[in-house]
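Structural overview for review
Listed below are the residues making up each chain.
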Amino acid sequence: MKALLLVDIQNGFCPGGNLPVLDGHEVVPVANSLIDSGKYDLIIASQDWHPADHGSFASSHPDKNPFEMGELSGKPQMLWPDHCVQYTRDAELHPELHSAQIDLIQQKGENKNVDSYSAFRDNDQYAVTGLADFLVDQGITELDVCGLATDYCVKFSALDALELIPGVKVRFIEDASRGITPEGVAAAIDEMRQNGIEIVNSADILAA
């Protein structure tokens, strides 16, 4: 049983959004080709879904600016511009994404006191979203992961999948993902590879 996890392909992370990833919109047609390929038994999308006063927002820290390090619940925290606030256009999945074929949308980042990069659990690793149990119940043995951004939510989701889904094979789809910085992307890919995650392109999957 194979599943595709589309990480945070939302307006907020694409050009025109509040926290845009460079060329983030370019993942949409690649993701659509994967969605439409018939290669997957299950298609899941994660969705950043923050309350307006989320503690990871620089606006929640009067003495801080976006992209500065701050503190959240006693731990170091990168502070972000307000983004993907619940029920706003910024939080919506990209309008050109073939969302009608998505089987499950897993929302994350709803607890204002902790950030949530991974689709599977909060950054403090205390609270899980339930996605891992759902995939186990569905009998998923292979999981392909892609989306935005490679060096944050995609990487953490892929690594958590390995840890939380017993025996699963995880692949990272490089051309269906974009990252914040080239250095961050290179480091994330290296870390994923070192943990046994296979690095592939969509052409490899579509040709199989």
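The structure under discussion appears in the preceding block.
The rules behind these values
- The written sequence of each chain sets the order in which its residues are numbered from 1.
- Since the coordinates come from a predicted model, pLDDT governs what is reported: local features require at least 70, and pairs of side-chain atoms require 80 or more to be given and counted, while whole-chain, interface and lining totals use all residues.
- Processing note: side-chain calculations cover all non-hydrogen atoms of the structure and skip hydrogens and water entirely.
- Each nonpolar core is a collection of buried residues, namely Ala, Val, Leu, Ile, Met, Phe, Trp, Tyr and Cys, held together in the definition by side-chain atoms within 4.5 Å.
- Only protein chains enter the calculation, and the probe is 1.4 Å; a residue is then buried if its accessible area is under 20% of its type maximum, exposed if over 50%, and partly exposed in between.
- A run of DSSP states H or I qualifies as a helix once it reaches four residues; a run of E qualifies as a strand once it reaches two. Both are numbered from the N-terminal end.
- Working rule for contacts: check all heavy atoms of both residues, and any pair within 4.5 Å makes them a contact.
- Pairing of aromatic rings covers Phe, Tyr and Trp, the last counted by its six-membered ring, and requires centre-to-centre distances within 6.5 Å; plane angles under 30 degrees mean stacked, over 60 mean edge-to-face, and any other angle means tilted.

**Points about the nonpolar core**
- Leu4, Leu5, Leu6, Phe120, Leu135, Leu143 and Ile173 are the most contacted members of the largest nonpolar core, which has 56 residues in total.
- For this core, the secondary structure elements donating two or more residues are strand S1 (2–7), helix H1 (27–35), strand S2 (42–48), helix H2 (131–137), strand S6 (142–147), helix H3 (150–164), strand S7 (169–173) and helix H4 (182–194).
- Sort the elements by how many residues they give to this core and H1 lands first, with six residues.
- Beyond its immediate chain neighbours, meaning those up to four positions away, Leu135 contacts Ala3, Leu42, Ile44, Phe120, Ile140, Leu143 and Ile165.

**Description of the packing of aromatic side chains**
- Summed over the entire model, instances satisfying the criterion amount to six aromatic pairs.
- Residues Trp49 and Tyr87 carry aromatic rings whose centres are separated by 4.9 Å and whose planes lie at 70 degrees to one another, so their mutual orientation is edge-to-face. Taken together, the residues span a long stretch of sequence, with Trp49 in the loop between S2 and strand S3 (69–72) and Tyr87 in the loop between strand S4 (75–78) and strand S5 (104–108) at a distance of 38 residues.
- According to the relative accessible area criterion, Trp49 is buried, its value standing at 11%.
- Using a relative accessible area of 72% as the deciding quantity, one classes Tyr87 as exposed.
- Aromatic side chains Trp80 and Tyr152 sit 5.3 Å apart centroid to centroid with 85 degrees between the ring planes, which places their arrangement in the edge-to-face category.

**Some words on unusual backbone geometry**
- The omega torsion across Leu148 and Ala149 is -10 degrees, close enough to zero to call that bond cis.
- Relative to the helices and strands, Ala149 resides in the loop between S6 and H3.
- Notably, Gln125 is not glycine yet its phi reads approximately 65 degrees, a positive angle.
- Following the sequence through the fold, Gln125 ends up in the loop between S5 and H2.

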